[in-house]
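As a plain string of letters, each chain reads:
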Amino acid sequence: LNVRGAKLSPGSTWSMGAGNAMHNRNRMREASAYYGQIDPEHGWVRTWEPYWLSYTRALHAVGDYSKELSVARRAVALGTENWSRFLELRALASLGNLTETRRGLAEFLRRTDSDCSQMNADSRYHTALELTTHGDAADADSVYERMIRTCQRDEERLIAFAGTKDSVAARASARTWL
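Overview of the structure. In this text the structure is predicted, and so the values were computed from the model without any measurement. (Residues numbered from 1 in each chain as written. Predicted model: local features only at pLDDT ≥ 70, side-chain atom pairs only at ≥ 80, totals over all residues. Heavy atoms only, no water.)

1. Let's talk about the packing of helix H6 (residues 83-95) against helix H7 (residues 98-112)
Closest axis-to-axis distance for the H6/H7 pair is 9 Å, and the angle between their directions is 160 degrees. One way to sum up the angle between H6 and H7 is to call them roughly antiparallel. Once H6 is placed against H7, the crossing between them reads as left-handed. Of H7, the residues touching H6 (which contributes Arg85, Phe86, Leu89, Leu92 and Ala93) are Glu100, Thr101, Gly104, Leu105, Phe108 and Arg111. Looking at side-chain class alone, the contact of H6 with H7 contains six nonpolar, two polar and three charged residues. (Axes fitted to C-alpha atoms, helices over the stretch in contact; angles between N-to-C directions. Helix = DSSP H or I, 4+ residues; strand = E, 2+ residues; numbered from the N terminus. Parallel < 35°, antiparallel > 145°, perpendicular 65-115°, else oblique. Left-handed = near helix turned anticlockwise from the far one by under 90°. Contact = heavy atoms within 4.5 Å. Nonpolar A, V, L, I, M, F, W, Y, C, P; charged D, E, K, R; others polar.)

This is the structure we're talking about:
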């Protein structure tokens, strides 16, 4: 039904539904094509996190890191929350652009250091995980260490960070996700 709707009205909510249906079936190329029909500068998706996460995740899954970076930067330009910086960092790390990744990482950490909210904890955790995945263990470790240092007074937030108390344990925890 969503696919038919997307064909009749490309760029509508039907496209999001069709993209999600393909995403849920692990048909990421098709999902990204449907997400790409939507114009985020007009209407309901401008700052809607699930759209940006799903679209960039689909592009990431098929290895289209350049397009992923372009979409992530569009999310940042449209004024989305701090979480959109994670999308940009993930793409930069995947492209192997360490200089720009480190620059963006420093800014991202500066903006989120004082906030142990679930969203920022998750974004930092997944940023470190992505850095580890692409072979940048030293930068990943610095993210873990800063996050633990920032959130160590908040046990509830540390639980969101796999319940770890030090960066070695955090890295070990992250490796179980790979």
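2. Observations regarding the pattern of salt bridges
Under the defined criterion, the tally for this structure stands at eight salt bridges. Beyond isolated ion pairs, a larger network of salt bridges with shared partners links Arg73, Arg85, Glu88 and Glu100. (Salt bridge = Lys/Arg side-chain N within 4 Å of Asp/Glu carboxyl O.)

3. Description of helix H5 (residues 65-77)
The end-to-end C-alpha distance of H5, which contains 13 residues, comes to 18 Å, matching closely the 18 Å that a straight helix rising 1.5 Å per residue would cover. For H5, the complete set of buried residues consists of Glu68, Leu69, Val71, Ala72, Ala75 and Val76. Down the axis of H5, the buried set is contained in an arc of 165 degrees. They therefore lie on one face. Of the exposed residues in H5, those oriented more than 90 degrees away from the buried face are Ser66 and Ala77. (Expected span 1.5 Å × (residues − 1). Buried < 20%, exposed > 50% of the residue type's maximum accessible area, 1.4 Å probe, protein only. Arc of directions from axis to C-beta.)

4. With respect to the side chain of Asp139
Mapped onto the elements, Asp139 comes out in helix H9 (residues 137-151). On the basis of relative accessible area, Asp139 is assigned to the buried category, the value being 14%. Once residues lying within four places of it in the same chain are set aside, the contact partners of Asp139 are Arg102, Leu105 and Leu131.

5. Overview of the nonpolar core
Within soluble globular proteins, side chains that are nonpolar generally end up buried alongside one another. Formed by 22 residues in total, the largest nonpolar core has its most connected members in Tyr35, Tyr51, Trp52, Tyr55 and Leu87. Only helix H2 (13-24), helix H3 (28-36), helix H4 (49-61), H5 and H6 provide two or more residues apiece to this core. At five residues, H4 tops the list of elements feeding residues into this core. Setting aside residues up to four positions removed in sequence, Tyr51 forms contacts with Met16, Tyr35, Ile38, Pro40 and Val45. (Core = buried A, V, L, I, M, F, W, Y, C linked by side-chain atoms within 4.5 Å.)

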